[in-house]
Amino acid sequence: AIISGGGAGHEPAHAGFVGKGMLTAAVCGDLFASPSVEAVLNAILQVTGEAGCLVIVKNYTGDRLNFGLAAEKAKKLGLKVEMVIVDDDIAIPDAKKPRGIAGTILVHKVAGHVAEQGGSLGDVVAAAQACNSRLYSLGVALTSCTIPGEQNSNRIAHGKAELGLGIHGEPGISTIDVSKCRSLVTMMADKLLTAAGPEARLAVLLNNLGGTSPLEMSLLAKDLCESPLGEQAVYLLGPGTYVTAIDMKGFSLSCLALTPELEAALQSPVEVDAWPQAIPKRPLDRQQVEKASVNVVYTPSASTLAGEMVTTVCQTLLDAESELNQLDALVGDGDTGTTFAGGARKVLAAQQQAQLPLAEPGVLCEVIGEHLAVVMGGSSGVLLSIFFTAAGSHYAEHGQWVAALQHGLAQMKFFGGAKPGDRTMIDALEPALAAWATEGIPGAAQAAIQGASLTASMQKANAGRSSYLNSDSLNGVQDPGAVAIARVFAAVAERCANR
């Protein structure tokens, strides 16, 4: 049997490491307080058989005394009990009693492995001691821990960190300036490498002390891998939360100088929730790639009809800029007119400079889609870019103009998530395209105007900024995007009638 424990507040240690291949039992005391002698003794009596029991404790006075006395009482009752004291903290040079911190779980793993393989109590004790003798840890934190029910009195100033503070909030050996994660990791790595030796094959554990975010832990992991310590590491464990100090914002590094026996012990499987897999460190496979871009390759061409339609649409949106902004100010952020006008201005400039493929409708749609994606801000620019890009691809394959635009609409609805009745430009665009297929441009214009008008009576917007407004704010106000579509179809219909 293998037993460990200590005060609460270090979760998942110690109960998180109970399971096949590691601890047989964990004995937990009150917050940062060693469990009682009676609690430890009862645990020993419950799990210890003829093969005996190893008790693993961290090097704190309360744990040494309470677990030690319990072990002696168990021996008096005829049980074989031994104790290993973990003292992996190297923060205080030449300390007579170095503390036990996160490296303790590596001792748990090594002892558990030997016990699982059928080793004797002597074998398990020897393995645990060998692990402890080659184990070095160091922690740093920006804040101390917060004791539940007590006022937080963080002594660490902003921009500072304490190196080597204890997992119960004990002051560190020194206060240091904090600039970047990399500088902290490099400093700690140097100290750990000095202790472990320049030739050692290492397993390195990156432990969250409780209050460090996953994002920060990932950054620390990157800096660790690129540090001298990471370069010397054979295995990495973490980043993760293993031995904490409640919500202390900090981390610790532990390194174990490997032997073949210790390496095998770290790699053996366990049925334990909190144990981190020892991952062999491999070179990062870097691949240089060119920036992906799908640009339409085309040759500008002329078409009188297409040129007239492009000019009409763009000029209509430019003329409606103020009206659309005023509408949007009632139900949004007041920039719909400016957004549509920005796209129109870009396309019109290309038209005036004879830079559009007017004679190729499919390619023309794709080029317009590219322009809109670049100059139109917000969701509307992306949605209209999707509309024209998908329509252009469809036209290139099938050569049917209305069907191509309807395909573009379908893709815009799919990616944007809006549908008729959601109070968007789709409420004018979908009926317009449906009417165009059967009634031509005049019918499309009438359907678009009617669709935009209906948005004034829609009490709920399910897309865009209007979705945050209540029905009173929306009632009687047409959706500006739908109005823009209606203005465009009306202008195109008039232009066609006057040709």
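Now for a quick tour of the structure. (Residues numbered from 1 in each chain as written. Predicted model: local features only at pLDDT ≥ 70, side-chain atom pairs only at ≥ 80, totals over all residues. Heavy atoms only, no water.)

## Remarks on the packing of helix α11 (residues 336–352) against helix α12 (residues 361–375)
Consideration 1: Packing of α11 against α12 leaves a shortest axis separation of 9 Å and a crossing angle of 135°. In terms of axis orientation, α11 runs oblique to α12. Judged by the twist between their axes, the crossing of α11 over α12 is right-handed. Contacts between α11 and α12 involve Gly342, Gly343, Lys346, Val347 and Ala350 from the former and Ile368, His371, Leu372 and Val375 from the latter.
Consideration 2: Per-class residue counts for the contact of α11 with α12 are five nonpolar, three polar and one charged. (Axes fitted to C-alpha atoms, helices over the stretch in contact; angles between N-to-C directions. Helix = DSSP H or I, 4+ residues; strand = E, 2+ residues; numbered from the N terminus. Parallel < 35°, antiparallel > 145°, perpendicular 65-115°, else oblique. Left-handed = near helix turned anticlockwise from the far one by under 90°. Contact = heavy atoms within 4.5 Å. Nonpolar A, V, L, I, M, F, W, Y, C, P; charged D, E, K, R; others polar.)

## Notes on the pairing of strand β1 (residues 2–8)
Consideration 1: In terms of burial, β1 is a largely internal element, seven of the seven residues being buried.
Consideration 2: Sheet analysis places β1 next to strand β3 (residues 53–58), joined by three bridges and oriented parallel. Counterpart to isoleucine 2 in the pairing with β3 is leucine 54.
Consideration 3: When β1 meets strand β2 (residues 25–31), the two strands line up parallel, connected through five bridges. Of the residues in β2, the one forming a bridge with isoleucine 3 is alanine 25. (Buried < 20%, exposed > 50% of the residue type's maximum accessible area, 1.4 Å probe, protein only. Pairing = 2+ DSSP bridges.)

## A short note on the packing of aromatic side chains
Consideration 1: By the definition in use, this model includes four aromatic pairs.
Consideration 2: Between tyrosine 395 and tryptophan 401, the aromatic rings sit 5.7 Å apart at their centres with planes inclined by 80°, giving edge-to-face as the arrangement.
Consideration 3: Assessed through its relative accessible area of 21%, tyrosine 395 is described here as partly exposed.
Consideration 4: Taking the relative accessible area as the measure of exposure, tryptophan 401 reaches 35% and is therefore partly exposed.
Consideration 5: Here tryptophan 436 and phenylalanine 489 contribute two aromatic rings whose centre-to-centre distance is 6.2 Å and whose plane-to-plane angle is 85°, an arrangement assigned as edge-to-face. Here the residue tryptophan 436 occupies a position in helix α15 (residues 426–454), and phenylalanine 489 occupies one in helix α17 (residues 480–497), the gap between them amounting to 53 residues. Phenylalanine 489 carries the same exposure label as tryptophan 436, and that label is buried. (Phe/Tyr/Trp six-rings, centres within 6.5 Å; stacked < 30°, edge-to-face > 60°.)

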